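# Structural description and commentary
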Amino acid sequence: MTVMRNDQRIIIHFDYDCFYASVFENEDPSLKALPLAVQQKQIIVTCNYEARRRGLRKLQLIHEAKKTCPDVVIVLGEELGRFRDASKSLYKFLESFTWSGKVERLGFDEVFLDVTDLVEYNQALLNCHDLSHSFFQLKREDPTIGFSFNAAEIAGHTFPEHPPDPENPSHPQDSLPRSCTAVPKYDINDSLLLRLTLGSHLAQHLRWSMEEEKGYTSTVGISTNKLLSKLAGNLHKPKAQTTLIPPYGILADDYNETAGRESNVTLFIDSHDIGKIPGIGFKMSHSIRNHILSRPAEFDDGLIYGETKEQVTVRDVRLFPNMGPELLETLLGGAGAERGIGSKTWNLINGIDDTEVRQMKRVPTQISIEDSYMRLDTLPEVVKELRMLATSLIKRMHADLLEDDEDPDAVGLGAKRWLAHPKTLRLTTRPRPPLNADGTRTRSFNRISRSGPVPNFIFTFKESVDAIVEKLIQVAMIPMFKRLHPQQAGWNLSLLNVAVTNMVEAASEGKGGGGRDIGRMFKRQEEVLKVWRVEDRDIPPDTVFHEDEHDGDTAQVDDAVQAEPSAGSEALDAITAGSEDMMILTQNTADENGVWEEDEEDEGNMEVCHECGSVMPAFAMAAHERYHALEN
DNA sequence: CTGATTGAG
DNA sequence: GATTCTCAATCAG
């Protein structure tokens, strides 16, 4: 078995320099000359390089920061909108250069680009006899768009620091064992150097363009996969770039120190602390370290302020007796662990990362809003906070999930449509561990959550955000909160988070691609669908419930659904039975155990519709639900 | 599917 | 391991 790295791609990793601080500097350029720190709650989340020069650090407490640097300018950065906007803008800027659309954002301030296609195209264009006067073509169809560059040199820094001597190139494959000769010849390496060189010039052009046109500087890494390009970029910052140059080497079973010296990848990655490898986080690095130091967990429990952990490097791990995918699997595997974690991790410490740079994404997979609190232990307070969070959430959904309607029919400006509909709503809290005087239980899990369907009314355009929020609070959030915290009192929360997840993109909704969605619809709403087919003529929804509550979306009934033969109405019971899910508006009632209690469902009680939040008598609810079934 | 965990910036 | 406010992937059940 020979483990091979695929070095056929050219991947560029972008990291915007002290991003949050740069956003403020762009808003107010006079800040550039000052030590600038961005504050969230009690800490400095980031600061510019002038502030770092004076001793400030990321994640420093405000207290210490002011002591260290009394004249630091501190700006509040809890509102993330400006960062999100800047991040999107830079992301789109970079995307505009790619041919493949392979542009992946990591957080707000990092982007991976797969530029293999641009590089290969330009490699074919090179004049081997006059490399120093080359032209990089940025558009396939227009040879005049691009930039001049010297293909005989790498742009920016390299690792190692001195590029190979073209007069006397080393061909490390020559010295590798016979088992490796099946691997493509060493001209692949020459080609790799060339392609990385092209990548380095493209990266430099992108950096310079971004600074000129957008006002943001960045530090960049260039290599053949996401892992290596990201790590390479760290070598020189800020406002710089680093290319990891060949030989990249070959990996084999009998991989050892000697082979390591032939590979710049090994030379490079070996020096990293095991926990600094992306994908090996706190837990995994801890498990690995414990094994390497052959020390049970209890030993470093004793270290209170123990920053004195011995460093365990990738090299220490790689060369440890019996180390390999199998041992790593036993070290890292177990309950909840990702399958294949052993070989995945073994690949990482050998510089192998075959994960693709993903296509630019139009919609996020989730949107969440959270806030933290010193003390939050009464329902009215919680409701107040939920109201604020839900308001932000709805606004964010409008900002991130809404698109200008370019339907030729809708000439009227301002028309919007949903790019995607989230299907589930989630509430999570972080309870503060109840302090125990007598030893009961101190087990403090971090976050707990409950989720449920997103009510359809949050997609409407016809109501104010406040009105939507109020319904959402009553119909979904408070009930969810009571599911999370069945006890009326006794909790104290340090965090609330509201989120929408499970996005279904509009294009694939109903018709066409969303086969999965249709299948689910039949499974779960079969009865409802049957009923409206039978009954819809009898009770025209619009006349009964003229109060509107239209889904803002252009909801269209799926062909398959319409074609489905109608069935008997014995399922009417299923609908009325559904009203037991209705949450009643009243609150603050509890039984003698201090558990939340729902009001009884007498006739004449008002109920709230799950879908639209309308309040109506219970007897009207069944017909009302039929109306919603029609709508969807 | 839900709810928890892990890892990333 | 925690601090802030997120986002994504992946697991068990």
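Residues numbered from 1 in each chain as written. Chains lettered and ligands numbered in written order. Predicted model: local features only at pLDDT ≥ 70, side-chain atom pairs only at ≥ 80, totals over all residues. Heavy atoms only, no water.

In the annotation of an unreviewed UniProt entry, the entry for chain A reads DNA polymerase iota, and the organism field reads Lachnellula subtilissima.

### A few points about the overall build of chain A
For clarity, the cut-off: Secondary structure is summarised from DSSP: a helix means a run of H or I of at least four residues, a strand means a run of E of at least two, and numbering begins at the N terminus for each. Think of it in three bands: with a 1.4 Å probe and only protein chains considered, a residue is buried below 20% of the maximum accessible area for its type, exposed above 50%, and partly exposed in between. Any two residues having at least one pair of non-hydrogen atoms within 4.5 Å are treated as being in contact. Accessible surface is estimated by sampling points in the Shrake-Rupley manner with a 1.4 Å probe; for residues, cover comes only from the protein chains shown.
Looking only at helices and strands, one finds 21 helices and 20 strands in chain A. Burial statistics for chain A: of 632 residues in total, 45% are counted as buried. Sequence-distant contacts, at least 24 apart, represent 69% of the contacts inside chain A between residues at least 6 apart. Surface accessibility of chain A: about 33,000 Å² in total, with carbon and sulfur atoms responsible for 51%.

### Some points on the protein's contact with DNA strand C
Applicable threshold: Throughout this document, a residue counts as near a molecule or strand when at least one of its heavy atoms sits within 4 Å of that molecule or strand. We call two N or O atoms a polar contact when they sit within 3.5 Å, provided that within protein one can donate a hydrogen and the other can accept it, with sequence-adjacent residues counted only if both atoms are side-chain atoms. Lys, Arg, Asp and Glu make up the charged group, whereas Ala, Val, Leu, Ile, Met, Phe, Trp, Tyr, Cys and Pro make up the nonpolar group; the residues left over, Gly among them, are polar.
Around DNA strand C sit 25 residues in total, of which L80, R358, T365, S368 and R396 are the nearest. Atoms of DNA strand C within 4 Å of the protein: sugar and phosphate make up 76%, bases the balance. Separating a phosphate oxygen of DNA strand C from a backbone N or O atom of R339 is a distance of 3.1 Å. At a separation of 2.7 Å, a phosphate oxygen of DNA strand C approaches a polar backbone atom of S368. The dominant element in the surface near DNA strand C, judged by the number of residues it contributes, is strand β13 (residues 366-372), at seven residues. When grouped by side-chain class, the residues that make up the surface near DNA strand C number eight nonpolar, six polar and eleven charged.

### A look at unusual backbone geometry
Note on backbone geometry: most residues besides glycine have negative phi, and most peptide bonds are trans. The residue after K237, namely P238, is reached through a cis peptide bond having omega 0°. Across the junction of P246 and P247, the peptide omega takes the value 10°, indicating a cis bond. Among the secondary structure elements, P247 is positioned in the loop between β12 (241-244) and α8 (257-261). Positive phi outside glycine occurs at K41, with the angle close to 55°.

### Examining the protein's contact with DNA strand B
Taken together, 21 residues sit near DNA strand B, with D109, K230, G279, S449 and S451 positioned nearest. Atoms of DNA strand B within 4 Å of the protein: sugar and phosphate make up 100%, bases the balance. At 3.1 Å, a backbone N or O of M284 approaches a phosphate oxygen of DNA strand B. A distance of 2.7 Å is found between a phosphate oxygen of DNA strand B and a backbone nitrogen or oxygen belonging to S449.

### Things to note about the nonpolar core
Test applied: Working definition of a nonpolar core: buried Ala, Val, Leu, Ile, Met, Phe, Trp, Tyr and Cys residues. They are joined through side-chain atoms within 4.5 Å. As annotated, the domain borders come from an automatic or database domain assignment.
Counting residues in hydrophobic clusters, the biggest one holds 72 residues, and the most contacted among them are I12, F14, F19, L94, L113 and L202. Residue contributions to this core peak at seven residues, all from helix α6 (residues 187-214). The two domains that each donate at least three residues to this core are domain 1 (83-272) and domain 2 (273-361). Non-local contacts of F14, meaning those with residues more than four positions away in its chain, are made with L94, D109, E110, V111, L113, A203, L206, R207, M210, S218, T219 and V220. By size, the runner-up hydrophobic cluster in this structure holds 50 residues, among which are L379, A420, I468 and C612.

### Quick word on helix α1 (residues 19-27)
Of all the nine residues making up α1, seven are buried; the element is thus mostly covered by neighbouring parts of the structure. For α1, the complete set of buried residues consists of F19, Y20, A21, S22, V23, F24 and E25.

### Things to note about the sheet that holds strand β18 (residues 493-505)
Here is the rule we go by: Here the rule is simple: two strands pair whenever DSSP picks up at least two bridges between them. Note on method: axes are straight lines fitted to C-alpha atoms, helices fitted across the in-contact stretch only, with angles between N-to-C directions ranging 0 to 180 degrees.
Pairing is antiparallel across the open sheet formed by four strands, whose spatial order is β13-β18-β16-β17. Here the strands that pair on one side only, and so sit at the sheet edges, are β13 and β17 (448-453). Shown here is a sheet whose adjacent strand axes are inclined to one another by a mean of 15°, direction ignored. As paired strands, strand β16 (residues 420-431) and β18 are joined by eleven bridges and run antiparallel to one another. Bridge pairing in β18 links P431 to L493. Across the sheet, helix α15 (residues 379-401) lies against β13, β16 and β18, angled at about 30° from β18, the strand it touches most. Here helix α16 (residues 465-484) sits on the sheet in contact with β16, β17 and β18, set at roughly 45° to β16.

### Points about the pairing of strand β6 (residues 103-106)
Across four bridges, the pairing between β6 and strand β7 (residues 110-114) is antiparallel. Among the inter-strand pairings, V103 is bridged to a residue of β7, identified as L113. Linking β6 back to β7 in an antiparallel pair, the connection comprises three residues, with G107 at a positive phi of about 70°.

### Quick notes on the packing of aromatic side chains
Quick note on the threshold: Aromatic pairing here means that ring centres of Phe, Tyr or Trp (its six-membered ring) are within 6.5 Å. Orientation follows from the plane angle: under 30 degrees is stacked, over 60 is edge-to-face, and everything else is tilted.
If you walk through the whole model with that rule in mind, you get 14 aromatic pairs. Ring centres of F93 and F97 lie 5.2 Å apart, and the angle between their planes is 75°; this geometry places the pair in the edge-to-face category. Each member of the pair, F93 as well as F97, is classed as buried. Here F159 and F268 contribute two aromatic rings whose centre-to-centre distance is 5.1 Å and whose plane-to-plane angle is 50°, an arrangement assigned as tilted.

### Examining the sheet that holds β6
Spatially, six strands are ordered β6-β7-β1-β11-β12-β10 in an open sheet, and the strand pairing comes out mixed. The sheet is open, and its two edges are formed by β6 and β10 (157-159), each paired on a single side. Geometrically, the sheet is characterised by an average inter-axis angle of 20° between neighbouring strands, direction not taken into account.

### With respect to the side chain of H13
With respect to the element layout, H13 can be found in strand β1 (residues 11-16). Polar contacts involving the side chain of H13 include one to the side chain of E110, which spans 2.7 Å. Aside from chain neighbours lying at most four places away, what touches H13 is E110, V111, F112, T219, V220, G221, S229 and K230.

### Examining the packing of α1 against helix α4 (residues 81-95)
Any two packed helices are characterised by the angle at which their axes cross and by the distance between the axes. Spelled out, the test is: Just so you know how the angles are binned, under 35 degrees is roughly parallel, over 145 roughly antiparallel, 65 to 115 roughly perpendicular, and the rest oblique.
At a minimum axis separation of 10 Å, α1 and α4 run at an interaxial angle of 90°. Taken together, the axes of α1 and α4 lie roughly perpendicular to each other. Only R82, F83, A86, S87 and L90 of α4 make contact with α1, whose side of the interface consists of F19, Y20, V23, F24 and E27. Counted by class, the contact of α1 with α4 contains seven nonpolar, one polar and two charged residues.

### A look at the pattern of salt bridges
Here is the rule we go by: For this document, the term salt bridge refers to a Lys or Arg side-chain nitrogen within 4 Å of an Asp or Glu carboxyl oxygen.
Throughout the structure, instances matching the rule amount to 24 salt bridges. One salt bridge in this structure joins D7 and R5, with 3.3 Å as the shortest N-O distance. A salt bridge links D71 to R54, with the shortest nitrogen-to-oxygen separation between them at 2.9 Å. Of the two residues, D71 is situated in the loop between α3 (62-68) and β5 (73-76) and R54 in the loop between α2 (49-53) and β4 (60-61); the sequence distance between them amounts to 17 residues. Assessed through its relative accessible area of 45%, D71 is described here as partly exposed. Looking at R54, the relative accessible area reads 31%, which means it is partly exposed. Salt bridges sharing partners connect three or more residues here, namely E50, R53, R54 and D71.

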